[in-house]
Amino acid sequence: MRSTRRTCRTLLACLAAVGTLVSVSACGGGGSGSAGSSAGSGTYTFWDPYPQFDASSDWGRRVARCGTEAGVTVKRTGYDTTDLGNKALLAAQQGNAPDVMLVDNPVVSTLVEAGILNRTSDLGLDTSAMQQNIIGAGTLNGTSYGVPIGANTLAIYYNKKILTAAGVDPASVKDWASLTAALKKVAAAGKKGITFSAINTEEGSFQFLPWFWGAGADLKDLDSAQAVAALTLWKQWVDAGYAPKDVLQNTQTTSWQEFATGEYAFAENGTWQLANAEKAGFEYGVVGIPGQHGGAAPVPTGGEFVTVPVQQDTARYDVSKKIVTCLTSSENLLASDTALTYVAPTAAVQARQVAANPKLRPWVEAVAAARGRTSDGLGTKYPTISQPLWTAVQSALSGGSSPKDALATAQTAAGKAKG
């Protein structure tokens, strides 16, 4: 999950704003790429959530090449994550869905419920090599509706110079107590502690989940003692000055920018910052996010699925399948994930990535243990849980409510999703 501008708080909230989506299968999709072209020729439309990549980027060239190999021209458009989901729903309702679309993994279940996406099995796409915890985010009732392009997740970056000066061995960070002790030493040495994103969007929930799950909490029970412990940890860090108060406004990008100043010892951030870490101008390392009492905390699976929306002209699916296969086949995944700075969704390609760049090893290990946000049967209920959760984090860290009261309010708001 990359940092992006959010135009609505949740996809479901945006749906409410535009009205209830009628059954897409009844609308009859035309496909925005179908106008003036026939299947197997002409222009095919391709939407993704990467507006930061233009046509000259490695990713832009990669998509264009896959169109060329399929014998067509690909018209690619990059949207912010939430904007893409909203446009997908409206386009399908109007019969103008793109031919191929990459969507953030929690959005897949919402689009499936709306009847927008084809089953991968119906298209003849093979997902058997994909790691189960990664493909699971795009699987409903045992049926997959897309192919993961790759995965990203969270870990803790650290500044080697600051830790050395403060007398902190990064290997000593094994649980919450040892991490807090390290932050205390860093503060005593006159440096800043840890930066992260606690903004009131999905990014805030995404960053809080490792601590939430690392305490043993469950998304169906937001006000459990374990959940309160996780939010109390963050609250204590902010109150003690170990984390800056601006975590309330920090996106994952602005949080990284703070770490990149060289003034912070630690930063919770994602795989996608690796290239920026190499340019930071100081030595860094990476450790996994620890569970409350030790061991690795479960981290959320980020990343997108390549999907094929429903079209009225079903003959177009053959070319769409070729484009998807070009991006996600075992032979081509390495190039796709290198362009996106993602961890591959298959063990075989992950091994090739680590061989080429050993610094990816902790990220591969983190992805292997990652958990889908819509897992445990949550599906489309996840957004109705995530928004109250990030609201609780905001309330507690700002001092508006205690962690216990903030999470109790969150659980009431998410009550329909409980059970």
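Above: the structure in question.
Residues numbered from 1 in each chain as written. Predicted model: local features only at pLDDT ≥ 70, side-chain atom pairs only at ≥ 80, totals over all residues. Heavy atoms only, no water.

Asker: Now, about the overall build of the chain: what can you tell me, with residues and values included?
Answerer: Each helix and strand in the chain was counted, giving 19 helices and 11 strands. Residues classed as buried in the chain amount to 57% of the 419 residues present. Contacts spanning at least 24 positions in sequence make up 78% of the contacts within the chain whose residues lie at least 6 apart. Approximately 16,100 Å² of the chain is accessible, and the part contributed by carbon and sulfur atoms is 51%. (Helix = DSSP H or I, 4+ residues; strand = E, 2+ residues; numbered from the N terminus. Buried < 20%, exposed > 50% of the residue type's maximum accessible area, 1.4 Å probe, protein only. Contact = heavy atoms within 4.5 Å. Areas by Shrake-Rupley, 256 points an atom, 1.4 Å probe, with all protein chains shown as cover.)

Asker: Tell me what's going on with the sheet that holds strand β6 (residues 147-148), and back it up with residues and numbers.
Answerer: Ordered by their spatial adjacency, five strands build an open sheet running β2-β1-β3-β11-β6, and the pairing between neighbours is mixed. Two strands in the sheet have a free side with no partner beyond their single neighbour: β2 (73-78) and β6. Taken together, the six bridges between strand β1 (residues 43-48) and β2 define a ladder with parallel strand orientation. Within the sheet, the bridge partner assigned to Trp-47 lies in β2 and is Thr-77. Lying on the sheet, helix α14 (residues 317-328) is in contact with β1, β2, β3 (100-104), β6 and β11 (304-307); it crosses β1 at an angle near 45°. (Pairing = 2+ DSSP bridges. Axes fitted to C-alpha atoms, helices over the stretch in contact; angles between N-to-C directions.)

Asker: Go over the pattern of salt bridges, please, and point to the residues and values.
Answerer: With the rule as written, the count across this model stands at nine salt bridges. Among the salt bridges present, the one from Arg-316 reaches Asp-99, with a minimum N-O distance of 2.8 Å. With Arg-316 in the loop between β11 and α14 and Asp-99 in the loop between α4 (81-93) and β3, this residue pair connects regions lying 217 residues apart in the sequence. Judged by relative accessible area, which is 0%, Arg-316 ranks as buried. (Salt bridge = Lys/Arg side-chain N within 4 Å of Asp/Glu carboxyl O.)

Just geometry here; none of it tells us what the structure is for.
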